[in-house]
Amino acid sequence: MTTPLPCPFPLSVLYQDQHVVILDKPAGVPVHAGPKGGPCVEDCFPLLSRRKDGPWLAHRLDTETSGCLAIALRKQPLLAMQKAFADKTARKTYWAVVEGGPDADRGEISLPLTKKTAPSGWRMITAPDGTPARTDWRVLGRGERLCWLELSLHTGRTHQARVHCAAMGWPILGDTLYGHPHPEGLHLLARSLTLPLTPPVSATAPPRKGMEAALRACGWQGI
């Protein structure tokens, strides 16, 4: 029997049973192998299950986003999770530290998104004829020229949280594509995930170390 290779990045498990694993994905690690090589989440799959059929990613996170990432160890829970994401019965919340921030304490962003490709690369933009995208936001704390938001994504479009925040005039701290660089990278955390399985599955991810200073500046107490 072949021994699985060690995971090339710190493997932190937030939840695990015989059907589902929810990882705390590190920032900077893509979920799939890319053309440039380097470690990815799928590299750790042999450590999660030795079955020939699986594991499978149930959804995706941007490379620079950390936090809750669901992985199915069996085909039936994979189908159930995919249906939950499609039906919008899976509940995802994100934490973001943004530049500036809204004046109100809560609100909704409903801006369609589409992909724009240029010689320099691709990015998502808002466009009236794009795919519908909706994000609810709530202020959790404020600091000097910073704001700590809880984001609830009702649609799972590529870069949705990043583009929506930038379009409102408060880009996420460290967003090199839609905002400005930061030494500690993108301040976006997939904070919690609840899946309507039987029984229900839920997990909460802590902020990575690089986000903590900005969160504390906005009033986070480290809970």
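Our subject is the structure listed above.
Please read all numbers here as calculations on a predicted model, not as lab measurements.

Trainee: Can you help me understand the pattern of salt bridges in this one?
Mentor: This structure, assessed with the given rule, holds nine salt bridges. Where Arg138 meets Glu150, a salt bridge forms, and the shortest distance between an N and an O atom there is 3.1 Å. Of this pair, Arg138 sits in strand S9 (residues 134–143) while Glu150 sits in strand S10 (residues 146–153), and the two are 12 residues apart along the sequence. You can call Arg138 partly exposed: its relative accessible area is 30%. When its relative accessible area of 19% is taken as the criterion, Glu150 is described as buried. It is possible to trace a salt-bridge network through shared partners that takes in Asp62, Arg162 and Asp175.

Trainee: Please explain the packing of aromatic side chains as it appears in this structure.
Mentor: For any pair of aromatic rings, the description consists of the separation of the ring centres together with the inter-plane angle of the planes. This structure, assessed with the given rule, holds two aromatic pairs. On the numbers, 5.1 Å between centres and 80° between planes, the contact of Trp95 with Trp148 is edge-to-face. Note that Trp95 is positioned in strand S5 (residues 91–99) and Trp148 in strand S10, a separation of 53 residues in sequence. Of the two residues examined, Trp95 and Trp148, each falls in the buried class. Relative to Trp170, the ring of Trp137 has its centre 5.5 Å away and its plane inclined at 75°; by these criteria the two rings are edge-to-face. Of the two residues, Trp137 is situated in strand S9 and Trp170 in the loop between helix H3 (160–167) and strand S11 (188–195); the sequence distance between them amounts to 33 residues. Above the face of the Trp122 ring, Lys115 is positioned so that its terminal group lies 4.6 Å from the ring centre. Taking NZ or CZ as reference, Arg191 lies 3.9 Å from the ring centre of Trp95, over its face.

Trainee: Help me understand a nonpolar patch on the surface in this model?
Mentor: The grouping of Leu11, Val13 and Leu47 at the surface amounts to a nonpolar patch, some 210 Å² of accessible area in total. Note that Leu47 resides in helix H1 (residues 45–48). On the basis of relative accessibility, which here comes to 38%, the residue Leu47 falls in the partly exposed class.

Trainee: What is the right way to read unusual backbone geometry from this model?
Mentor: Backbone geometry follows two general trends: most residues other than glycine have a negative phi, and most peptide bonds adopt the trans configuration. Residue Pro199 is bonded to the preceding Thr198 through a cis peptide linkage, with omega at 0°. Positionally, Pro199 belongs in the loop between S11 and strand S12 (201–204). The residue Lys88 is not glycine, and still its phi comes out positive at about 65°. When its relative accessible area of 52% is taken as the criterion, Lys88 is described as exposed. The residue His159 is not glycine, and still its phi comes out positive at about 60°.

Trainee: Is there a simple way to think about helix H4 (residues 209–217) in this case?
Mentor: Side chains of residues three or four places apart in an α-helix project in the same direction, reflecting 3.6 residues per turn. When H4 is considered as a whole, its buried residues turn out to be Gly210, Met211, Glu212, Ala214 and Leu215. On its buried face, H4 is in contact with S5, S10 and S11. Gly219 sits one or two residues past H4 and shows a positive phi near 105°.

The rules behind each value
- Residues numbered from 1 in each chain as written.
- Predicted model: local features only at pLDDT ≥ 70, side-chain atom pairs only at ≥ 80, totals over all residues.
- Heavy atoms only, no water.
- Salt bridge = Lys/Arg side-chain N within 4 Å of Asp/Glu carboxyl O.
- Helix = DSSP H or I, 4+ residues; strand = E, 2+ residues; numbered from the N terminus.
- Buried < 20%, exposed > 50% of the residue type's maximum accessible area, 1.4 Å probe, protein only.
- Phe/Tyr/Trp six-rings, centres within 6.5 Å; stacked < 30°, edge-to-face > 60°.
- Lys NZ or Arg CZ within 6 Å of the ring centre and 35° of its normal.
- Patch = residues over 30% accessible without salt bridge, like charges linked within 9 Å, V, L, I, M, F, W, Y side chains within 5 Å.
- Areas by Shrake-Rupley, 256 points an atom, 1.4 Å probe, with all protein chains shown as cover.
- Contact = heavy atoms within 4.5 Å.

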